[in-house]
Amino acid sequence: MNWLIVKNDFKRNKVINLALLLFMMFSAGLAILSVIMGVQTFASISELYEKAQPPHFLQMHKGEINQDRVDEFISNYEGTTYFQTVTMINVHGESISVVGNNDTYDLSDNRLGIGLVKQNETKDLLVDFDHERVVINDGEIGIPVLLKEMYDMEIGDQVVLTFDDMQREFIIKEFILDSQMNSPMVSSTRILLSDDDFEMLNGQVGENEYLIEAYFTDSKEASDFQTAYENAGLPQNGQAVTYAMIFLLSAITDITTVFVLLLVSILLIIVSFICVKFTIMAALEEEISEIGTMKAIGLQFTDIRDIYLIKYRILAVIAVIIGYILALLTSDVFTSHIRTTFGNMSMSPLAIVLSLAVGIFVFILINYYCNKVLKRIKKVTVVDALVRGKGFDKDKGHVKDGLHKSKKIPINWLMAIREVFYKFRNWIIVFTVVLIAVLMIMIPVNLMNTFESSEFITYMGSSLEDILIEVDNGEDIEDNYGKVLQVLQNDHSIESYYESRRVRVQTTDVENGPMNLHIDSGDNSGNELKYISGEAPDAENEIAISYLNNNEIGKNVGDTMVLSYNDKQKEFTVSGIYQDVTSGGYTAKSKYDFSELNSEKYSFSVNLKENSEVERTADEWSEIIGPGVKVAPMEDFINQTLGGVVAQLKTIVLLIIIIGACLVMLITVLFLRLRLAKDLSEIAILKALGFTEMDIKKQYLIKIGFVAIAGIFAGVILTGVLGERIVNLVLSISGLGVQKVELIVDPLIQYILIPLLLLVLILLSTWIVLRIIKKYNIISIINE
């Protein structure tokens with residue numbers, strides 16, 4: 001009998017049941033998809049790392065190297081399983097030209113350090129998309145996927161390497177995956193040559209840089225090894241990177257995507273619960289007399305409950321199954337970046353198992369919630385249901401506020417506003433869903449705006465200026481520094497510029513063990529950065545340290561710390577703790593010049609008098625200064641570093657806007673269909689009193705519009721209150737070097753475009769549904 005009742009209900013309420021099914025399906029599908037993406041990201045990285053074998057510890061070094069001393073230290077270090085030193089020939093982007101089918105260009109605008117390497121034998125391999133070791137023949141070249149994405153290169157394109165009077169031509173044979181240098185947030189990328197071509201160019205072009213790599217029984221030993229290595233005074237003229245840092249920088253784009261999808265799926269599950277509760281309560285209200293009759297003839301609560309519960313269980317099962325299938329079918333679209341970055345990989349068994357578990361968990365949640373809502377049947381008595389006609393809606397009676405006497409407010413506006421104001425509980429579902437839709441759309445949009453904004457440079461250890469110039473370490477660092485200084489001093493288009501140089505000193509960590517500290521020293525050093533606490537250094541004996549460095553050093557603002565260099569010690573006061581995602585997040589800022597120390601790097605931040613001339617000026621300076629110096633507009637610097645994250649976020653945000661728009665439209669349709677069915681007698685009375693169909697439609701449009709505007713307003717406020725907290729919680733867990741981000745809001749989008757889009761769609765859906773009023777017949781309704 002229960003099944004017969006359920007079957008009839010499905011036929012009678014097709015639209016409502018379909019809407020419920022869609023909400024459950026979307027929430028289950030997105031939750032499953034986010035799990036698939038998360039598992040696939042880590043599974044793909046793990047498979048790539050298993051085949052390519054990136055080092056647990058990497059020390060980059062420019063300059064002379066005592067290989068015997070390095071080998072002796074690493075071989076004697078307990079826990080070491082393998083080590084090697086890889087030679088990399090650093091060349092500048094200006095030296096590399098690409099000849100494609102329709103275009104010829106060079107890589108002079110690339111801010112990444114480009115290194116030429118040959119293939120290793122067993123560890124730190126450069127592999128293809130199937131994770132197989134790439135073999136390059138003479139005259140061929142392997143281009144990293146990172147450069148392919150930036151310049152849209154193709155197999156068969158010609159790459160021309162020019163250095164002084166020498167020129168060599170290569171054909172792109174393979175696009176390679178580099179397990180340790182596959183992110184724009186890493187400072188370098190590697191191009192693969194054959195062994196013979198590499199040996200022929202070695203010593204003839206560019207400048208050698210050495211990658212000192214070590215492997216351990218446990219990758220977690222890398223941090224302890226780094227401390228011991230640096231204390232031993234071994235070659236360390238460059239960035240040191242650990243396995244954990246490589247992993248995090250590789251996955252940052254996909255981790256961001258997973259976070260956004262997971263947030264949206266959680267919000268959609270909340271919406272599903274709201275819809276389930278609303279439809280259950282509407283159905284119970286409509287069938288209160290039947291419930292009273294069933295109680296009167298002796299049916300138990302569990303029997304009555306099961307009649308309704310079966311229907312929602314069926315909907316939940318169908319929704320989870322369809323959501324699971326759709327998640328599997330669309331996972332290829334959302335995991336395309338994973339395949340591009342980490343190679344081809346079939347669906348991980350763990351992803352299948354966990355996604356099934358999530359689907360089952362969503363079903364259990366829906367089933368539990370339905371059970372909880374249906375317990376209200378227990379509280380209904382036979383007398384309330386059959387004699388008094390009261391159900392679950394505890395109407396407090398008429399409101400006497402005098403507002404009905406107002407002669408200034410049009411009657412339709414008056415009636416609509418009074419009902420919404422005094423019976424807001426009846427409209428809470430529209431308010432809540434619109435609020436959630438605004439949250440669901442605006443948090444990802446603001447996150448995208450933040451990554452895309454030029455102000456994000458303040459989270460990357462630099463102040464916001466027009467042009468950034470970087471002179472990296474090398475044999476010509478001082479000569480290149482002189483060239484830059486000469487150009488800046490003689491160019492009258494400059495309004496101001498700030499100079500800093502990076503030096504390395506020693507200090508102690510929280511356990512009083514020695515550690516290296518890289519400090520950017522200059523008059524403007526530390527200014528305009530985002531500080532978690534404190535402020536930029538002002539006096540020469542003050543220092544600001546990055547968030548990750550502070551975790552290692554364990555100092556608070558106002559504490560003193562001792563820096564050691566050249567057999568000297570100097571005491572500094574910690575002025576502030578700032579956020580930085582560059583150099584692994586381990587940096588420091590000071591105005592003290594450390595004149596006795598050699599520079600590892602020079603940086604110049606330049607402001608022009610005319611902002612419109614930034615691109616042209618950067619190009620001119622780059623040509624004048626020549627190779628070895630990176631000159632780029634600040635916006636280009638950010639785009640190259642975070643371009644992959646922003647591109648992925650744009651795709652996800654577009655999808656979320658579509659889902660959010662569909663969500664509010666479906667909820668509006670679902671709510672109004674149920675509301676109109678419940679208000680049937682009231683509509684008949686209004687018609688009998690002389691209100692036209694247009695008057696009734698206006699009243700509902702005003703009600704829905706008023707509630708929608710309130711929901712949008714509340715959603716915008718909550719986005720400002722909760723958005724940053726949610727994002728910052730994830731960032732602090734990630735270990736990226738950023739703990740607190742101020743989300744950048746585009747006023748046009750947040751306060752006008754998105755609210756206007758949602759409001760128009762809601763009113764449009766309302767107008768379409770209200771056409772059903774025309775079919776209402778007063779006499780037939782009164783007779784019923």
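Throughout what follows, the structure given in this document is the object of discussion. This structure is a prediction, so every number in the text was calculated from the model and none was measured. (Residues numbered from 1 in each chain as written. Predicted model: local features only at pLDDT ≥ 70, side-chain atom pairs only at ≥ 80, totals over all residues. Heavy atoms only, no water.)

## Some points on the packing of aromatic side chains
Then, in step 1: Tallied over the full model, the rule gives 21 aromatic pairs.
Then, in step 2: Relative to F671, the ring of W427 lies with its centre 5.1 Å away and its plane at 50 degrees, an arrangement referred to as tilted. Of this pair, W427 sits in the loop between α13 (411-422) and α14 (428-452) while F671 sits in helix α18 (residues 634-678); the two residues are 244 residues apart in sequence, bridging distant segments of the chain. Here W427 matches F671 in class, with each residue buried.
Then, in step 3: Judged by centre distance (6.4 Å) and plane angle (50 degrees), the ring pair of Y497 and F604 falls under tilted. You can see Y497 sitting in strand β14 (residues 494-508) and its partner F604 sitting in strand β21 (residues 601-608), a full 107 residues away along the chain.
Then, in step 4: Linked through ring pairs, F57, F73, Y77, F216, F225 and Y229 together constitute an aromatic cluster.
Then, in step 5: One Lys or Arg, K703, reaches over the ring of Y700 and ends 4.3 Å from the middle of that ring. (Phe/Tyr/Trp six-rings, centres within 6.5 Å; stacked < 30°, edge-to-face > 60°. Helix = DSSP H or I, 4+ residues; strand = E, 2+ residues; numbered from the N terminus. Buried < 20%, exposed > 50% of the residue type's maximum accessible area, 1.4 Å probe, protein only. Lys NZ or Arg CZ within 6 Å of the ring centre and 35° of its normal.)

## A short note on helix α19 (residues 680-688)
Then, in step 1: Where α19 is concerned, the buried positions are I683, A684, L686 and K687. Buried positions in α19, seen along its axis, are confined to an arc of 160 degrees and lie on one side of it. Facing away from the buried side of α19 by over 90 degrees, the exposed positions are I685 and A688.
Then, in step 2: Phi for G690, located one or two positions after α19, is positive at around 110 degrees. (Arc of directions from axis to C-beta.)

## Considerations on the pattern of salt bridges
Then, in step 1: Within the structure shown, the criterion is met by 14 salt bridges.
Then, in step 2: The salt bridge partner of K118 is E199, with a shortest N-O separation of 2.8 Å. Of this pair, K118 sits in strand β5 (residues 113-118) while E199 is found in helix α5 (residues 195-201), placing the two residues 81 residues apart along the sequence.
Then, in step 3: In this structure K118 comes out as partly exposed when scored by relative accessible area, which is 32%.
Then, in step 4: E199 sits in the partly exposed class, given a relative accessible area of 42%.
Then, in step 5: Between K703 and E419 there is a salt bridge, with its nearest N and O atoms 2.8 Å apart. Remark: E419 occurs in helix α13 and K703 occurs in helix α20 (residues 693-734); sequence separation between them is 284 residues. Neither K703 nor E419 differs from the other in exposure class; each is buried. (Salt bridge = Lys/Arg side-chain N within 4 Å of Asp/Glu carboxyl O.)

## Some remarks on the nonpolar core
Then, in step 1: Counting 171 residues, the largest nonpolar core has L107, I143, M153, Y308 and L663 as its most contacted members.
Then, in step 2: When residues of this core are assigned to their parent elements, the largest contribution, 23 residues, is made by helix α7 (residues 243-286).
Then, in step 3: Beyond its immediate sequence surroundings of up to four residues, L663 is in contact with F23, L268, V271, V433, A437 and M440.
Then, in step 4: Of all hydrophobic cores here, the second largest spans 20 residues; its members include Y481, V606, V614 and A618. (Core = buried A, V, L, I, M, F, W, Y, C linked by side-chain atoms within 4.5 Å. Contact = heavy atoms within 4.5 Å.)

## Section: a positive patch on the surface
Then, in step 1: Together, K277, K372, K375, R376, K378 and K379 line one region of the surface with positive charge.
Then, in step 2: Looking at the secondary structure, you find K372 in helix α11 (residues 349-374). (Patch = residues over 30% accessible without salt bridge, like charges linked within 9 Å, V, L, I, M, F, W, Y side chains within 5 Å. Areas by Shrake-Rupley, 256 points an atom, 1.4 Å probe, with all protein chains shown as cover. Lys, Arg positive; Asp, Glu negative; His and termini not counted. Charge placed at Lys NZ, Arg CZ, Asp CG, Glu CD.)

## Structural notes on the pairing of β5
Then, in step 1: Bridging between strand β2 (residues 80-91) and β5 involves three bridges; their strand directions are antiparallel. Bridge pairing links N90 to G115 in β5.
Then, in step 2: Across six bridges, the pairing between β5 and strand β10 (residues 188-193) is parallel. Of the residues in β10, the one forming a bridge with I114 is T189. (Pairing = 2+ DSSP bridges.)

## Here we look at the pairing of strand β9 (residues 166-178)
Then, in step 1: In terms of strand pairing, strand β6 (residues 126-127) meets β9 through two bridges, oriented antiparallel. Of the residues in β9, the one forming a bridge with V127 is L177.
Then, in step 2: Judged from the five bridges that link them, strand β7 (residues 140-144) and β9 form a sheet pairing that is parallel. If you follow I141 over to β9, its bridge partner there is I172.
Then, in step 3: With six bridges connecting them, strand β8 (residues 158-163) and β9 associate as antiparallel partners. By the bridge assignment, V159 is partnered in β9 with F170.
Then, in step 4: The turn joining β8 and β9, which pair antiparallel and follow one another in sequence, is formed by two residues; a positive phi near 55 degrees is taken by D164.

## Re a nonpolar patch on the surface
Then, in step 1: Residues V317, I318, I321, I322, I325, L326 and L329 make up a contiguous nonpolar surface patch of roughly 570 Å² in combined accessible area.
Then, in step 2: Within the fold, I318 resides in helix α9 (residues 301-334).
Then, in step 3: Look at I318 and you get partly exposed, because its relative accessible area is 35%.

## A few points about the packing of helix α15 (residues 477-490) against helix α17 (residues 614-625)
Then, in step 1: Interhelical geometry of α15 versus α17 gives an angle of 135 degrees and a closest axis separation of 10 Å. Taken as axis vectors, α15 and α17 run oblique relative to one another. Two packed elements cross with a definite hand, and for α15 against α17 that hand is right-handed. Contacts from K483, V484, V487 and L488 of α15 reach α17 at W621, I624 and I625.
Then, in step 2: Among the residues forming the contact of α15 with α17, the class breakdown is six nonpolar, no polar and one charged. (Axes fitted to C-alpha atoms, helices over the stretch in contact; angles between N-to-C directions. Parallel < 35°, antiparallel > 145°, perpendicular 65-115°, else oblique. Left-handed = near helix turned anticlockwise from the far one by under 90°. Nonpolar A, V, L, I, M, F, W, Y, C, P; charged D, E, K, R; others polar.)

## Quick word on the environment of S575
Then, in step 1: Looking at the element boundaries, S575 is found in strand β19 (residues 568-578).
Then, in step 2: Judged by relative accessible area, S575 falls into the buried class, the value being 8%.
Then, in step 3: Along the sequence, S575 and G558 sit 17 residues apart, while their C-alpha atoms lie 6.1 Å from each other.
Then, in step 4: In this view, S575 contacts G534, E535, A536, P537, E542, I543, A544 and V557; residues no more than four positions away in its chain are not counted.

## Quick look at the side chain of T507
Then, in step 1: Summarising the element assignment, T507 is placed in strand β14.
Then, in step 2: One polar contact links the side chain of T507 to the main-chain carbonyl oxygen of V562, over a distance of 3.1 Å.
Then, in step 3: Other than its neighbours up to four places away in sequence, T507 contacts G513, P514, M515, L517, I553, M561, V562 and L563. (Polar contact = N/O pair within 3.5 Å; in protein donor to acceptor, adjacent residues only side chain to side chain.)

## Looking at unusual backbone geometry
Then, in step 1: Positive phi outside glycine occurs at Q53, with the angle close to 55 degrees.
Then, in step 2: In this structure, Q53 sits in the loop between α2 (14-52) and β1 (57-62).
Then, in step 3: The partly exposed category is assigned to Q53, whose relative accessible area is 24%.
Then, in step 4: Look at E528: it is not a glycine, yet its phi comes out positive at around 65 degrees.
Then, in step 5: Among the secondary structure elements, E528 is positioned in the loop between β15 (514-521) and β16 (531-534).
Then, in step 6: On the basis of relative accessibility, which here comes to 47%, the residue E528 falls in the partly exposed class.

## Describing the side chain of E600
Then, in step 1: Its place among the elements puts E600 in the loop between β20 (588-590) and β21.
Then, in step 2: For E600, the side chain forms a polar contact with the side chain of R504, separated by 2.7 Å.
Then, in step 3: In terms of polar contacts, E600 uses its side chain to reach the side chain of H518, at 2.9 Å.
Then, in step 4: Excluding residues that lie within four positions of it along the chain, E600 makes contacts with Q236, N237, D472, N473, I477, R502, V503, R504 and H518.

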